[in-house]
Amino acid sequence: MKKLEIGHMKIKYPIIQGGMGVGVSLSKLAGAVSKAGGLGVISTAQIGFRKPLFQTDSFKANMEAIEEEIKKAKEICNGGYIGVNIMAVTHRYDEYVKKAIESGVDLIISGAGIAKSLPSLVKGTNTSFAPIFSSFKATKIILKMWDKKEGVVPDAIIIEGPEAGGHLAFKKEELENVDKLNFNEEVRKIIEHVKEYEKKYKKKIPIIFAGGIRNNEDVENKLKMGLLGVQVATKFVATKECDASDEFKEMYVNSKEEDIQITVSPVGMPGRALKNDFLKHRERKEINKCYKCLSKCDIKTIPYCITEALVTSVKGKVQDGLMFCGAKVHEITEITSVEEVMKELTSKKYKLNTNSY
């Protein structure tokens, strides 16, 4: 496989590990992926949740944790490249981006909204940026906006398909009938459109696909389409290096296809999650504390606090919180290692469960 080049980075394999919050992809997972030749990504979503300070000043706890987690990840991968995923709807988004840049991060990935200020924030730094798009329409609008207002284009683009996990920019009905979506055609239109900007700026803009990537065959199929890399998230959860609790990982390993549910989160976006007691018996309860995680969130109207729901599950109380997942989660059958997952993604000969080539 060819190296994936984004800005100043030359990544050995065209594999980016997707950022997963809250607390699923922190320094241990990101550092291990980068050490194995991919690009590890830390999710900044409520990244400081384990700090005692988080209960009284979640923003300060998150700022401290961003610096600490990036530093630890860099140490694990021996100074290699590390990225962060900062959702565009994050409350005080600009300050999160600035802290990540100050902490020496190599790439900032942003989805879940339009990160209008991102190009100006990274300008003049050694940090690259990559937006997440899920449609040709969004790609066209945002690239045009940045071209006219900022005179720049992204260093890379991530196309998130309907089989990805977490919050998704698709209608609930579309996610429940993924087979009816001709998403490959959408991808081809994006690839062709981006070529216009590559020509104008005389710059290669790698396009990376996210969602439903399981093995080397999936990776190769995407590369044959003209994409230069893939982003993989769900598969890395069931690794010993993943920052989530063992109970969280076991839920992935023991899941069946019928355990996957499309739900609408408090932010109004649909997402794919595992069925559990939390989703089955959830009733709206009065929310007494706001962690100010998202810019548009009204505790008077939301059905539950998404921070508390995600923190609860990642800490191990998997029946009492929200557990996002990708569409192929049920195909995971064991907890392995980042190294083994990377081998399965990059080698035609390697298959998990065989422990050999």
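For the structure itself, consult the block above.
Residues numbered from 1 in each chain as written. Predicted model: local features only at pLDDT ≥ 70, side-chain atom pairs only at ≥ 80, totals over all residues. Heavy atoms only, no water.

A. Spatial organisation of the sheet that holds strand 9 (residues 166-167). Spatially, three strands are ordered 9-13-12 in an open sheet, and the strand pairing comes out antiparallel. Looking along the sheet, the strands with just one partner apiece sit at the ends: strand 9 and strand 12 (260-264). (Pairing = 2+ DSSP bridges. Helix = DSSP H or I, 4+ residues; strand = E, 2+ residues; numbered from the N terminus.)

B. A look at helix 12 (residues 306-314). In terms of burial, helix 12 is largely enclosed, as seven of its nine residues are buried. Inspection of helix 12 places Ile 306, Thr 307, Ala 309, Leu 310, Val 311, Ser 313 and Val 314 among the buried residues, and these make up the whole buried set. Summarising the contacts, the buried residues of helix 12 are in contact with strand 9, helix 10 (246-253) and helix 11 (277-280). Following helix 12 by one or two positions, Gly 316 has its phi on the positive side, about 125°. (Buried < 20%, exposed > 50% of the residue type's maximum accessible area, 1.4 Å probe, protein only. Contact = heavy atoms within 4.5 Å.)

C. Quick look at empty space enclosed by the protein. Considering all chains together, one arrives at two cavities of 30 Å³ or more under this definition. What lines the second largest cavity is Ser 110, Gly 113, Ile 114, Ala 115, Pro 131, Ile 132, Phe 133, Ile 142 and Trp 146. Of all the elements in the fold, those that place two or more residues in the lining of the second largest cavity are strand 7 (128-133) and helix 5 (136-149). The dominant element in the lining of the second largest cavity, judged by the number of residues it contributes, is strand 7, at three residues. Counted by class, the lining of the second largest cavity contains seven nonpolar, two polar and no charged residues. (1 Å grid on protein atoms, 1.4 Å probe; cavity = no way out; pocket = protein on both sides within 12 Å on 5 of 7 lines; lining within 4 Å. Points joined across faces, edges and corners; volume = space filled by probe spheres on them. Nonpolar A, V, L, I, M, F, W, Y, C, P; charged D, E, K, R; others polar.)

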